[in-house]
Amino acid sequence: MSPQSNTKTRILELNAIDKDISTLLSTASTAITTLTSTPASASAFASASGQYHALLQSIVVRLRRQILLLEQADIPAPVTGNGGEKEGKGSGGGIDVGAFNSRNDVVGREMEGELWKGAKELVGLLSGDLEGDGDVKMG
Amino acid sequence: MSSNQLLLSLKSWPEDDPELKSVSSLITRIQAQRGHFRDVDESILENEIREGKDTDPLFDDSPVEESGGGASNSALAAGEEPDRATQLKNAKAEIVALVGHALNEALFGLDYVSLLVSLQNPEAGSSSMSPELKKSVPVGSLGFDKVQRRADPGSVKEDLAISHAWKVEGLNSAADTLMGASKKLGDDVRKEARYWEQILAIREDGWVVTRMPNERRTLGVRFGFAESAAEYKNKGVGALRRGEDGDVVMDDVATTGSHGKAMLRVRVLENGEVKGSSVQSGNKCSGSVKDMIQRARNFIYEDELFFEITREARLMANYGVRTSEDAVTIDLGGGRSIVIDMAPLDDGDIVLDIHNPDSNLAQGVVTAFRILLSYNHRMSLRKRSKPPPPLTQRKIVPPALRMVAPITTHLLHHQHQLNLQNLLRHLIKVVKSAGMSTAFVTKPRHNCLKPVIKNVETAVEAFLERIESEATVKLPGGWKVEINMKTALGPPLYGTAYIIGTSHDGVSARLMGENRFTSSKEMEMYLFWCLERSIVNEVRYTNDKWEQIAQSNEMWSIDKSTRRIRISVDRTGLSIVTGTTGGKDDRVVWDGSDTGRTLQDLLNHPVG
């Protein structure tokens, strides 16, 4: 799987977990509401709380999976030497990941491609005019 | 020797301990001796010196102390701290009072419990009673008993109902809180999902999404160029923050300069009048983040481009390049000039007017500038990949990029070549109208035309070299002139040079071979000269009644030596002056228009 689509799946998964946590809270609220309704029904509470626990379980499992995947991908980057106290800040041993990631020149390469494409279009557009600019013979 | 004679000792003075006189040690000692420098001013110090007092003015006779007991309050009211000693004194008194109070309370408690205990266990109780208490009450005089209250069934029921209602209310409020939290979280999740969706879309568009340098918690997108000059290197990252409704917001990114100037504009001016202009396209109004990133990228590129152009142009004043605060002008001669400046984006979709050659030229120049900057970025990467130069004390200023120079070279060369072509066309027309045959062929820019572009670098390198054009002219009388014009803005040419080689039979003129001219005027004069001599030769070939006089441009008739003609060529055309000794001269001019009369006619049937 390409890193691009991998990132996308991960983000979508995390979003789904996020959404389920909000559902979890509303399930808890429903379970508590069954207690106060008259007449209070034990079976209704049992099913609501069952749902709550099932959801909680699934969230826990998925979060564990995400943590595992992050660890496999070395995120945060493994800390070596004395950078231990910075662990957990996503610092990667005191290195500014942002500064490093921004050092490649993808933008420059793309810009260059666009410029040459634009130049080609311009030449194509003007090629009619350019014919007169070649060798000139007279006599 | 006078009494104030100097006694010099050759022994050096004992050196002071630098530690004793250093400011840092002085300050600590002064502070230890007399407290802070606060409120110390010249008058206080002078007073102190006058009175010879060794006391601290802050404590003894400062205005703070004179104001009496309210000193600390007034000092506080004035927004100042009371001095540390008073502060300490006050705090100490406060602590002592509080501790005394607490002790008193604790003793009261102990007395109460001891009195109670003394009923059951007089020994243990009385040992911890205070003497005061023992004096005022007898031991064991405080009794206690468990009170058994009969529950009122009504109130029990009420209590139960109340507690039930409280429980229900508590549960309900817990449920409500949970529901509220769930809704709030749900909203947040929706925004978050929206944010990430847009971030992913930006990423899929090919932008580099990264952490912001120096701001770890924020994501940013890189739209700048890694190989930009130092001035622009750190500008190219924009923070992607989450807006109120989850949309990605870029709020700290410049997409235009002052007055909305966002793009390089090239205009062709003729005598101060705009003849053509490049197009500033770009979706100006779109508010979407992707377009904004694109605009930010374009702007940073154009801004750097203009910066580098002005930097280079300042060094090129000797080639007719003028710079002002916000524009660079390249003078092409003949009233034509090219103006480079920054301009706002065009409204709407203005397309290039391809039928206006000057607009095409402007657009071509602007495209060339952009490609050259990207080429320079490539070169910068190549340079960085090599081992760095040795370290020196001097600050190394990066040399100006080569962008204006190659483009100016091209423009000037093109202009000079057009001038040459026009001149040759004119001469040919003139010669033909005089009834002789002549022709020319030019090969413009033959050293930089590459049929196949292999890669970007070789393509651009060909553009950076000096430019050469060739023209071969066949003149009458078997003369052949080869003109090789070269343009380079730098040593050894510093402009356009014309190398003109002539080959002929050597009868009408001895001069042959190569001549080098660095001004177009000289070149023109030489071509005129060539044409004069070649026409002399032509006359000699075709008409055996005429003979050249001493390799000049004059000829005389063999039959009648008093009759002479003079052949001269200038900008207006070919003029032949005929005359006889003692007579009136006649002048016939061929300026290219059809006169219905040839040179041969003139020679065979002289006027008058």
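A few points on the structure. Quick caveat: nothing in here was measured; it's all calculated off a predicted structure.

Moving on: the overall build of chain A. Check the secondary structure of chain A and you find four helices and one strand. By residue count, 25% of the 139 residues in chain A fall in the buried class. At a minimum sequence separation of 6, the contacts of chain A that also span at least 24 residues come to 59%. When the accessible surface of chain A is summed, it comes to about 8900 Å², and 60% of that surface belongs to carbon and sulfur atoms.

Moving on, we come to the overall build of chain B. Scanning chain B from terminus to terminus reveals 17 helices and 19 strands. Burial analysis of chain B (608 residues in total) assigns 39% to the buried set. A separation threshold of at least 6 residues defines the contact pool for chain B, and within that pool the share at least 24 residues apart is 52%. Taken as a whole, chain B presents about 36500 Å² of accessible surface, with 55% of it coming from carbon and sulfur.

On to the interface of chain A and chain B. Taken together, the contacts link 51 residues of chain A with 65 residues of chain B. Of the roughly 5100 Å² buried at the junction of chain A and chain B (both faces included), carbon and sulfur atoms supply 62%. Viewed at the interface, chain B and chain A are joined by three salt bridges. On the surface where chain A and chain B come into contact, there are eight residue pairs in polar contact (both at pLDDT 80 or more). For the side of chain A that touches chain B, the elements supplying multiple residues, two or more each, are helix 1 (3–36), helix 3 (97–101), helix 4 (106–130) and strand 1 (136–138) of chain A. The greatest single-element share of the side of chain A that touches chain B, amounting to 18 residues, is contributed by helix 1 of chain A.

Let's shift gears to the pairing of strand 8 (residues 327–333) of chain B. All names here are of chain B. For strand 8, the buried fraction is high: five of the seven residues fall into the buried class. Following strand 7 (residues 321–323), the chain reverses through three residues before pairing antiparallel with strand 8. Pairing between strand 8 and strand 9 (residues 336–344): six bridges, direction antiparallel. Along strand 9, the bridge assignment pairs Gly 333 with Arg 336.

Another point: the packing of helix 13 (residues 357–385) of chain B against helix 14 (residues 404–433) of chain B. All names here are of chain B. In the contact formed by helix 13 and helix 14, the axes pass within 10 Å of each other and the chain directions differ by 150°. Here helix 13 lies roughly antiparallel to helix 14, going by the angle between them. The two elements helix 13 and helix 14 meet at a crossing, and its hand is right-handed. Between helix 13 and helix 14, the residues in contact are Leu 361, Val 365, Ala 368, Phe 369 and Leu 372 and Val 404, Pro 406, Ile 407 and Leu 411, respectively. Within the contact of helix 13 with helix 14, the residues separate by chemical class into nine nonpolar, no polar and no charged.

Moving on: the side chain of Glu 468 of chain B. Looking at the secondary structure, you find Glu 468 of chain B in strand 11 (residues 467–475). Non-local contacts of Glu 468 of chain B, meaning those with residues more than four positions away in its chain, are made with His 413, Pro 444, Arg 445, His 446, Asn 447, Asn 484, Met 485 and Lys 486 of chain B.

Turning our eyes to something else, we now look at helix 2 (residues 23–34) of chain B. The end-to-end C-alpha distance of helix 2 of chain B is 16 Å, a good match for the 16 Å that twelve residues give at a rise of 1.5 Å each. Directly beyond the C-terminal end of helix 2 of chain B, a positive phi value near 85° is found at Gly 35 of chain B.

Attention now moves to the packing of aromatic side chains. Residue and element names in this part refer to chain B. What the rule picks out here adds up to five aromatic pairs over all chains. A centroid spacing of 5.0 Å and a plane angle of 55° characterise the contact between Phe 225 and Tyr 301, whose relative ring orientation is tilted. With Phe 225 in the loop between strand 2 (215–222) and helix 11 (230–233) and Tyr 301 in helix 12 (residues 289–313), the pair connects residues that are 76 residues apart, well separated along the chain. The residues Phe 225 and Tyr 301 share a single accessibility class, namely buried. Relative to Tyr 526, the ring of Phe 517 lies with its centre 5.0 Å away and its plane at 40°, an arrangement referred to as tilted. Overall, the relative accessible area of 8% leaves Tyr 526 in the buried class. Site record: aromatic cluster; members linked through ring pairs are Trp 479, Phe 517, Tyr 526 and Trp 529.

Quick look at the environment of Val 577 of chain B now. Residues and elements named next belong to chain B. Looking at the element boundaries, Val 577 is found in strand 18 (residues 574–580). Taking relative accessible area as the criterion, Val 577 reaches 10% and is therefore assigned buried. Not counting chain neighbours up to four residues away, the residues in contact with Val 577 comprise Arg 564, Ile 565, Arg 566, Asp 585, Asp 586 and Arg 587.

What follows deals with a negative patch on the surface. Together, Asp 39, Asp 41, Glu 42 and Glu 46 of chain B make up a region of like negative charge exposed at the surface. Turning to its location among the elements, Asp 39 of chain B is positioned in the loop between helix 2 and helix 3 (42–51).

Another aspect to go through is the nonpolar core. Residues and elements named next belong to chain B. In this structure, Leu 240, Ile 340 and Phe 369 are the most contacted members of the largest nonpolar core, which totals 64 residues. A per-element tally of this core places helix 12 first, with eleven residues. Split by domain, the residues of this core number at least three in each of domain 2 (211–382) and domain 3 (405–604). In contact with Phe 369, other than residues within four places in its own chain, are Leu 264, Leu 305, Ile 309, Ile 340, Met 403, Val 404 and Ile 407.

So, how was this worked out
- Residues numbered from 1 in each chain as written.
- Chains lettered and ligands numbered in written order.
- Predicted model: local features only at pLDDT ≥ 70, side-chain atom pairs only at ≥ 80, totals over all residues.
- Heavy atoms only, no water.
- Helix = DSSP H or I, 4+ residues; strand = E, 2+ residues; numbered from the N terminus.
- Buried < 20%, exposed > 50% of the residue type's maximum accessible area, 1.4 Å probe, protein only.
- Contact = heavy atoms within 4.5 Å.
- Areas by Shrake-Rupley, 256 points an atom, 1.4 Å probe, with all protein chains shown as cover.
- Buried area = accessible area lost by both parts, 1.4 Å probe.
- Salt bridge = Lys/Arg side-chain N within 4 Å of Asp/Glu carboxyl O.
- Polar contact = N/O pair within 3.5 Å; in protein donor to acceptor, adjacent residues only side chain to side chain.
- Pairing = 2+ DSSP bridges.
- Axes fitted to C-alpha atoms, helices over the stretch in contact; angles between N-to-C directions.
- Parallel < 35°, antiparallel > 145°, perpendicular 65-115°, else oblique.
- Left-handed = near helix turned anticlockwise from the far one by under 90°.
- Nonpolar A, V, L, I, M, F, W, Y, C, P; charged D, E, K, R; others polar.
- Expected span 1.5 Å × (residues − 1).
- Phe/Tyr/Trp six-rings, centres within 6.5 Å; stacked < 30°, edge-to-face > 60°.
- Patch = residues over 30% accessible without salt bridge, like charges linked within 9 Å, V, L, I, M, F, W, Y side chains within 5 Å.
- Lys, Arg positive; Asp, Glu negative; His and termini not counted.
- Charge placed at Lys NZ, Arg CZ, Asp CG, Glu CD.
- Core = buried A, V, L, I, M, F, W, Y, C linked by side-chain atoms within 4.5 Å.
- Domains from an automatic or database assignment.

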